[in-house]
Every structure is written in C-alpha cells, then in structure tokens.
Amino acid sequence: MERSETLPLSDDDRLAMLAAAREAITYRADLKSSSVKPELRPADFAANFDTSLPDKGASATSVIDDLIEVASKGLQGHASSRFFGYVCGGSMPVGTAADFLVTSWGQNAASSWESPSVAVIEQTVCQWCLELLGLPMDSGVGIVSGATVANTQGIIAARDTLLKRQGWDVFEDGLFGAPDIPVMIGDAAHSAPMAGVRYAGLGLGRATRLATDDQGRILIDTLRAELQACKNPPMVILQAGQINTGAFDPFAEAIPIIHDAGGWVHVDGAFGLWANAVPGMQDRLAGIDGADSWAVDLHKWLNAPYDAGLCIVRDRSALVSSMSARGAYLPGIGETWEPSDSTLELSRRARGIPSFAIIKHLGADGIRDMITHHCALATYLADRLSQEPGIEIMNEVVLNQVAIACETDDKTGKVLERIQEKARVYPSHGEWKGRQIIRVSIINHATDHADIDLLIEEILDANRNE
Ligand SMILES: *Cc1c(COP(=O)(O)O)cnc(C)c1O
C-alpha cells in the first residue's frame, strides 16, 4: 500500500467510510424482511473464508467492500424485530449512529481531563439511568461492557467492603488467610453472577445455593435459616428478571434481613431492573432500591449497541476504592468524576454515549412505553398459545419472557428446530424445571404486534405439523 503524505484523509479512506455508512443503512432497512438466521453455520462459513495472513495490503475501500460481502453470509438477526432468542436488545439506530461518532472521535474515555465532553456526557447518562431505575442518586456507577462485568465488579466491591469491615486489608494482603465471607445465590441464578463469584476468588463451590420456587424466586425461609447459620457477614446475590420466567426475588422481605445480619446485597438485574423505570410495574420489584449494588445492561432493554452495561454501587467510595488503578501521574481520587475509577478498565471506548443518544431520543416516557409494550406483547403471546392443545406456558408472565413447552421434550426440540430452520422468527432454547422449553424474549425496540402474530403462527404451525 502506498502511503499518502499530503491528505489527512485519502479519497480511499473517505470512500471506505461512506461504504460502511451506506451498508449500515441498507442492512437496517432490510431487517424486517431478511432471514433471522445466518446463511452459513460456523464450519461452512470458515470453509469459505480466507484466513491466510495477507502479505501485502489492499485499499481501504476494497477491504470494507470485501468485509461487507463476506460477513453478510454469517450474520445472526440479533438486531431484527423478529429475533426472540436469549435476551438481546436490538441496538436502536440512533444509538448505532452515536456509536459511529464514538468510533470516529476515537476518544479514550478513561479520563475527564483528556476528554471532557465524553466524561460529562457519560456522567449524565449515569445520572439519568439512576433516576430512571429508581436507585439512590449518589450511587457510584461504572460504564462496563455488560452485566457479566457489572456483576463481577459489584461482587468485588462487596468482597472488599465486607473484609474491610472485619479489619482485613484485601488490597495489601489478598484473600489467603482472610476472614470467611459466606456467599449465597439462588439456585436459578444466571451463570454471570456465578462467574463473578469465581472471578472474585470466592469459590463457587463454597457458595450456598438458595432454594427457589417454581418461578425461580428464592425462598425467604431458606434465606432466613441460612442467615442465622452465618458466622460472618454474608454476601447475598439476588436477581431481578430470571432468564426463563422474568421473575423477581422478594427484595422487600429479603434485603432487610440480610442487612440485619450485617450482609451486602448485590442484585443481578441485567434486563429486569429496567422494569423499575415503569411506575405501573414497580410493585414487582418493591424494595430493590435498598440493595447495596446492582448490575444492569444497556445493550438489553435500553437497546443500546453492544457492548454496554452499568455497575452501580450505593457507596460510591466502595466502588472507587475497589476499581481505581490510579497512577501518581493522574489527578487525585475524589477531585473529579473519573470514568476509569469505576471500572476494571483504564483505556476504553466512550461506550456510554450511544445510551445517552437513545435516552435523549426516547425520553423517559418512550422508555416506559417500550418496556410496557414488550410486556403486553409477552402476555398476549402467552394467552394465545395457552389456548392451543398440547402447548403449555411454563411461567407466570410477569415481564417480557415466555417459556413454552410442547407435549414432550422431544417434540419441543423438533418444533424449535423447525421454527429456527424456517428463520422467519427466531426464539431460542432453554431448560426450565426439568423440561426443555422454547424461550421467547420480547425486548427489541422495533418488535410490533405483527411480529408477535408471525411468531404465534410459526409456533402453531410447527406444533401441528411436527
Ligand atoms: C444477559 C444476562 C447476564 C449477562 O449479561 P452480559 O451483558 O451478557 O454480560 C446476566 N444476568 C442475566 C439475568 C442476564 O439476562
């Protein structure tokens, strides 16, 4: 490749950027009608993909054009309004456009001194989210890559604080020989906070798995008995939004008794915490604002582009003392709001800015309407399907998640396979209470009634013909 010495941005660069922007618009415009599954599976994709290290360079335009051409065969319909798998937000166009800017500006979001606009916009989005989510406004907030990291950070802050309260300096002395921290987590918890317990060096095998009811909510009597047996202040991990049922742990009952035992309550609210933004739904999460830390995604219900989530800690100084890795060359801790003081990362992209754009675009009302609409669609779906002989709805639909089972596990598997194969809609697989399920998550900003009617049609058709 010849280097241009004169143009800061060559014609080739300019055309490559335009090609990418044009493709973004075409891709999004076609989403309503395109297949929801990748054309090629990983092995077939790899077989057709040139993996040899290029010896010589190529023009920026040709690289981007090739990328568009090649990648198109292996893209999942994650951004589609007819994608109902896992729990995936749809990356709203306004957030995606803001993400172009984030990348173009190329800011290192670590320091407010280096990038004042990024720091102030991100701090604003943190405050807006606290207000929307009904959490204490003076909490510390770290903008992280998602709920797995958010859970891990919350668990680390809990660990450090619980040890500090017992006179143990974990920063200097580590965990070997430290006082015990009893860890409790529901037996229907997501794997992410369990990974957080491992990453924090607490040992998953040492954690007590609390029994749960048929919706995955922890049983208060079990919690009470475990708390009574604790010799040291415990860390208890609760959940807002069980992945299969959408259920919430009983915060109002659980949090006060955990605090009475001197414990720390961390909540995994990856998607479910957003229900607290809707006044009509807040009774389902009553008491959740009394916890000590929360993990929530921005790339799920807020429909921000990947990757973005928040780690929120009531005691800001606990988050900062656990996460800050300040060197002597940076301003003193506490003097300014420093993004990198609240995250494991130092250098990172300004991943809070797309969420700023989305909140500004939707407004608090628009966010509430979107969440309410998704939950209403989930109820509608469950009501329609439950009228069909041989189909069972396995959860109380309290949120946006619907767990569907056919007459046998074998049939459920075949029905799901048939639906995914046709790829007009895309629910995913789950397991719940010993049964195979088709799991539907309604969480994409663009999903409408017609999309749900199509999903119903596909499920009924597959169930009748499989
Ligand atoms: C998605 C999810 C997580 C993990 O979040 P990531 O953003 O994928 O890291 C954790 N807990 C629950 C309940 C989730 O739905």
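Residues numbered from 1 in each chain as written. Predicted model: local features only at pLDDT ≥ 70, side-chain atom pairs only at ≥ 80, totals over all residues. Heavy atoms only, no water.

As a further point, take the overall build of the chain. Counting secondary structure elements, the chain contains 14 helices and 11 strands. Since a compact globule built from 466 residues should have a radius of gyration of about 23 Å, the 24 Å found for the chain is in line with a globular shape. Taking the principal axes of the C-alpha coordinates as reference, the chain spans close to 70 × 65 × 45 Å. Buried positions account for 51% of the 466 residues belonging to the chain. Pairs at least 24 apart in sequence give 74% of the contacts found in the chain among residues at least 6 apart. A total accessible area of about 20900 Å² is found for the chain, and carbon and sulfur atoms account for 54% of it. Of the charged side chains in the chain, 39 are positive and 62 negative; the average position of the first set lies 2 Å away from that of the second. (Helix = DSSP H or I, 4+ residues; strand = E, 2+ residues; numbered from the N terminus. Rg over C-alpha atoms; globule rule 2.2 N^0.38 Å. Buried < 20%, exposed > 50% of the residue type's maximum accessible area, 1.4 Å probe, protein only. Contact = heavy atoms within 4.5 Å. Areas by Shrake-Rupley, 256 points an atom, 1.4 Å probe, with all protein chains shown as cover. Lys, Arg positive; Asp, Glu negative; His and termini not counted. Charge placed at Lys NZ, Arg CZ, Asp CG, Glu CD.)

Let us look at the pattern of salt bridges. A full pass over the atoms with the stated rule returns 25 salt bridges. When the shortest N-O distance is used, the salt bridge between Asp 180 and Arg 206 registers 2.1 Å. Here the residue Asp 180 occupies a position in the loop between α7 (170–173) and β2 (183–186), and Arg 206 occupies one in the loop between α8 (191–199) and β3 (208–210), the gap between them amounting to 26 residues. By relative accessible area, Arg 206 is classed as partly exposed at 45%. Among the ionic pairs, Arg 217 bridges to Glu 396, the shortest N-O distance being 3.9 Å. Here Glu 396 lies in the loop between β8 (392–393) and β9 (401–405) and Arg 217 lies in the loop between β3 and α9 (220–229), a separation of 179 residues in the sequence. By relative accessible area, Arg 217 is classed as partly exposed at 25%. (Salt bridge = Lys/Arg side-chain N within 4 Å of Asp/Glu carboxyl O.)

Nothing here speaks to function; it is geometry throughout.
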